[in-house]
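# Structural description and commentary
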Amino acid sequence: MTSYRSMNSIKSVGIIGLGIIGAQVAAALRAAGYEVPVWNRTRKEVAGFRNSPAEVAQAAEVIQLFVADPQAVYEVLDVMGPVLTERHTIICSATLGREATLEAARRVTERGAKFLDAPFTGSKEAAGKSQLLYYIGGDDAVLEAVRPVLEVSGGKGIVKIGAVGEAAVIKVVTNVLSAATVEVLAEMVAVVKKAGIAPEMLQKALERHGIRSGIIDLKLPKMIAEDYDTHFALKHMLKDVRFGLDLGAELSLDLPVTSTTEAVMSQCAAKGWGDLDFSSVYKRFA
């Protein structure tokens, strides 16, 4: 792999959160020549593991966050706060929604450090191939300073959206679109199967249909096989759909499809499927 470290002055990149995506980004950065101190709420026996987020911040000038929700981000930032200085840049790749992203930025910048709103799209497979797509909200100078870091895992692209918080909105919107698409796909697979038609025929029919999309290509075979191996957990997608509803309320918009999707996913999570892939919404028909 190309040594991105030779292209810029950044020598160490911390990773907070070693879930499906964070662990693979850490591995890619290490392979690219960076020192990569890491931390996870549950200790993992991996290279560079530190005892706290503060220790990661002491060892790295750039720290990328891959934690689950706003509360986790706040807790990490509060622990790191006393050691954050102007030499640090926090890349927030957690999906938080707009208000929480703005609050996270406030907590970082009040310490003199820099903040970049950088959620991503792409699940386990994309991360394994370093083909994430990053949406960026923040100052152009901050982005350019850490662009080589993002390029290691962001092989699909780095799209500048606007100010801090605006990338967070786009990330939520795209996830709601994915969630609603997969929910209606699950319903239509159930209809086809109940009508006595092999679901594979739906797959064949969609091959040259205008509605075909990447998410359908990815999730339809999984539904047919009843394979819910986690690429993007249902519990995380449910959280993001709820962020979509929050945005709707904030903007005085009625979002009936988003509301229905949230209700269905909430019911599925209550059945104990939260850690399965979000395509497990089909499981209620299988």
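A quick note: this is a predicted structure, and the numbers were derived from the prediction, not measured.

## What to know about a nonpolar patch on the surface
A cluster of nonpolar side chains, contributed by Val184, Met188 and Val191, occupies part of the molecular surface with about 250 Å² of accessible area. Assignment of secondary structure puts methionine 188 in helix H7 (residues 166-194).

## Notes on helix H4 (residues 98-109)
Over its 12 residues, H4 runs 16 Å from end to end, which matches the ideal 16 Å to within 8%, given 1.5 Å per residue. Residues Ala100, Thr101, Ala104, Ala105 and Val108 constitute the buried set of H4. Viewed end-on, H4 has its buried residues packed into an arc of 140 degrees, placing them on one side of the element. Looking at the packing, one finds that the buried side of H4 touches helix H3 (70-80), strand E4 (89-92), strand E5 (114-117) and H7.

## Side note on the packing of H7 against helix H11 (residues 256-273)
For the pair H7 and H11, the least separation of the axes is 10 Å and the interaxial angle reads 70 degrees. Looking at the two axes, H7 sits roughly perpendicular to H11. For H7 against H11, the interelement crossing comes out left-handed. Contacts between H7 and H11 involve Val176, Ala179, Ala180 and Glu183 from the first element and Val257, Thr258, Thr261, Val264 and Met265 from the second. Classifying every residue of the contact of H7 with H11 by side-chain character gives six nonpolar, two polar and one charged.

## What to know about the packing of H7 against helix H9 (residues 214-225)
Relative orientation of the contacting elements H7 and H9 amounts to 40 degrees, with a least axis distance of 10 Å. On the basis of the axis angle, H7 is oblique to H9. For the crossing formed where H7 meets H9, the hand is right-handed. Residues Ser178, Thr181, Val182, Leu185, Ala186 and Val189 of H7 touch H9, and the partners they reach there are Ile215, Ile216, Lys219, Leu220 and Met223.

## A closer look at the pairing of strand E7 (residues 133-137)
Extensive coverage of E7 is indicated by the burial of five of its five residues. Along E7, one buried face is formed by Leu133, Tyr135 and Gly137 and the opposite face, lined by Tyr134 and Ile136, is buried too. Examined bridge by bridge, strand E6 (residues 120-121) and E7 share two bridges and lie antiparallel to one another. By the bridge assignment, phenylalanine 120 is partnered in E7 with tyrosine 134. On the question of chirality, the crossover connecting E7 to the parallel strand E8 (residues 157-162) by way of helix H6 (residues 140-153) is right-handed.

## Thoughts on the side chain of glutamate 61
Inspection of the secondary structure puts glutamate 61 in the loop between helix H2 (53-59) and strand E3 (62-65). Arginine 87 is the oppositely charged side chain nearest to the buried, salt-bridge-free glutamate 61, at an N-O distance of 4.6 Å. At 2.8 Å, the side chain of glutamate 61 forms a polar contact with the side chain of serine 12.

## Quick look at the packing of aromatic side chains
Summed over all chains, the structure comprises four aromatic pairs. Between tyrosine 282 and phenylalanine 285, the aromatic rings sit 6.2 Å apart at their centres with planes inclined by 45 degrees, giving tilted as the arrangement. The ring of phenylalanine 120 is capped by lysine 171, whose NZ or CZ atom sits 5.4 Å from the centre of that ring.

So, how was this worked out
Residues numbered from 1 in each chain as written. Predicted model: local features only at pLDDT ≥ 70, side-chain atom pairs only at ≥ 80, totals over all residues. Heavy atoms only, no water. Patch = residues over 30% accessible without salt bridge, like charges linked within 9 Å, V, L, I, M, F, W, Y side chains within 5 Å. Areas by Shrake-Rupley, 256 points an atom, 1.4 Å probe, with all protein chains shown as cover. Salt bridge = Lys/Arg side-chain N within 4 Å of Asp/Glu carboxyl O. Helix = DSSP H or I, 4+ residues; strand = E, 2+ residues; numbered from the N terminus. Expected span 1.5 Å × (residues − 1). Buried < 20%, exposed > 50% of the residue type's maximum accessible area, 1.4 Å probe, protein only. Arc of directions from axis to C-beta. Contact = heavy atoms within 4.5 Å. Axes fitted to C-alpha atoms, helices over the stretch in contact; angles between N-to-C directions. Parallel < 35°, antiparallel > 145°, perpendicular 65-115°, else oblique. Left-handed = near helix turned anticlockwise from the far one by under 90°. Nonpolar A, V, L, I, M, F, W, Y, C, P; charged D, E, K, R; others polar. Pairing = 2+ DSSP bridges. Right-handed = clockwise from strand over helix to strand, strands pointing away. Lys, Arg positive; Asp, Glu negative; His and termini not counted. Polar contact = N/O pair within 3.5 Å; in protein donor to acceptor, adjacent residues only side chain to side chain. Phe/Tyr/Trp six-rings, centres within 6.5 Å; stacked < 30°, edge-to-face > 60°. Lys NZ or Arg CZ within 6 Å of the ring centre and 35° of its normal.

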